[in-house]
Amino acid sequence: MKLDIGCGNYKKEGYTGVDIIKLPGVDIVCDIKQGMPMIENNSVAEIHCSAVLEHISDLTSVMREFHRVLKPGGTLTVIVPHCFSEMAFRDPTHCRYFTFRTFKYYDKAHSHSYYHDFTFKFISSRIKIARQKHSLFDKFLEWFINRNQPRGERLLKIIPYRNWLVHTMLRKE
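These numbers come from a predicted model, not from an experiment.

1. As for the packing of aromatic side chains
- In the structure shown here, the tally under the stated rule is eight aromatic pairs.
- Between tyrosine 106 and phenylalanine 118 the ring centres are 5.8 Å apart and the planes differ by 15°, which places this aromatic pair in the stacked class. In this pair, tyrosine 106 is assigned in the loop between helix H2 (86–90) and strand E6 (121–129) and phenylalanine 118 in the loop between H2 and E6, connecting sequence segments twelve residues apart. Each member of the pair, tyrosine 106 as well as phenylalanine 118, carries the same accessibility label: buried.
- Pairing phenylalanine 140 with phenylalanine 144 gives two aromatic rings, centres 6.1 Å apart and planes at 25°, and the pair type is stacked. With phenylalanine 140 and phenylalanine 144 both in helix H3 (residues 136–147) and four residues apart, the pair spans about one turn of that helix.
- For phenylalanine 140, a relative accessible area of 42% gives the class partly exposed.
- A relative accessible area of 34% means that phenylalanine 144 is categorised as partly exposed.
- An aromatic cluster is defined as three or more aromatic residues linked by ring pairs; in this entry it consists of Tyr106, Phe118 and Phe120.

2. Thoughts on helix H1 (residues 59–69)
- Across the eleven residues that make up H1, a large majority, eight, are buried.
- The set of residues buried in H1 consists of Leu59, Thr60, Val62, Met63, Glu65, Phe66, His67 and Val69.
- Where H1 is buried, its residues meet strand E1 (2–5), strand E4 (44–50), strand E5 (70–81) and strand E7 (164–171).

3. A short note on the nonpolar core
- Ile5, Ile32, Ile47, Leu53, Met63, Phe66 and Phe103 are the most contacted members of the largest nonpolar core, which totals 31 residues.
- Breaking this core down by element, the ones donating at least two residues are E1, E4, H1, E5 and E7.
- With five residues, H1 is the single largest residue contributor to this core.
- Those residues in contact with isoleucine 5 that sit more than four places away from it in its chain are Val18, Ile32, Met36, Ile47, His48, Cys49, Ser50, Val52 and Phe66.
- Listed in part, the nine residues of the second largest apolar core include Ile129, Leu141, Ile145 and Trp164.

4. Description of unusual backbone geometry
- Residue asparagine 42 is not a glycine yet carries a positive backbone phi of 50°.
- Inspection of the secondary structure puts asparagine 42 in the loop between strand E3 (28–29) and E4.
- Residue classification places asparagine 42 among the partly exposed residues on the basis of a relative accessible area of 41%.

Reading the values: the criteria
- Residues numbered from 1 in each chain as written.
- Predicted model: local features only at pLDDT ≥ 70, side-chain atom pairs only at ≥ 80, totals over all residues.
- Heavy atoms only, no water.
- Phe/Tyr/Trp six-rings, centres within 6.5 Å; stacked < 30°, edge-to-face > 60°.
- Helix = DSSP H or I, 4+ residues; strand = E, 2+ residues; numbered from the N terminus.
- Buried < 20%, exposed > 50% of the residue type's maximum accessible area, 1.4 Å probe, protein only.
- Contact = heavy atoms within 4.5 Å.
- Core = buried A, V, L, I, M, F, W, Y, C linked by side-chain atoms within 4.5 Å.

Keep in mind these values describe shape, not function.
Below is the structure:
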């Protein structure tokens, strides 16, 4: 099973759509903040979660639930607005902000992983421009920023692009 969390009207092909509102393409209606009791432990191969976690105040509870349903070796892909992005602040329902480092806290190798009773293997995190079509310059800029993410992230404050996303991949071991 593959889950598209918060799919809305745009469920990924081959995925089971999960959303808080019953819309066309939504297969499971639930509030992930309350858990997903209808999904068995260790039964999901992939979770795709885009434009959802910025609405969640208790991130660790939701991450724990994702960990519960993922099979060992299963992957979690998260896409969220970067904290320097205008889109992170314009929606009044956003209550959480992210950098490329945010999800590293859930990696067992992180120095603060002892705060959680579960861990993931951090695979990657990329900062990307939030737009449908990318020019050659956009691709170069993304490459340059991600080449050295701590320095590149600081450039986001001065580069005249308003919207940046963080694409992160984690794996349950």
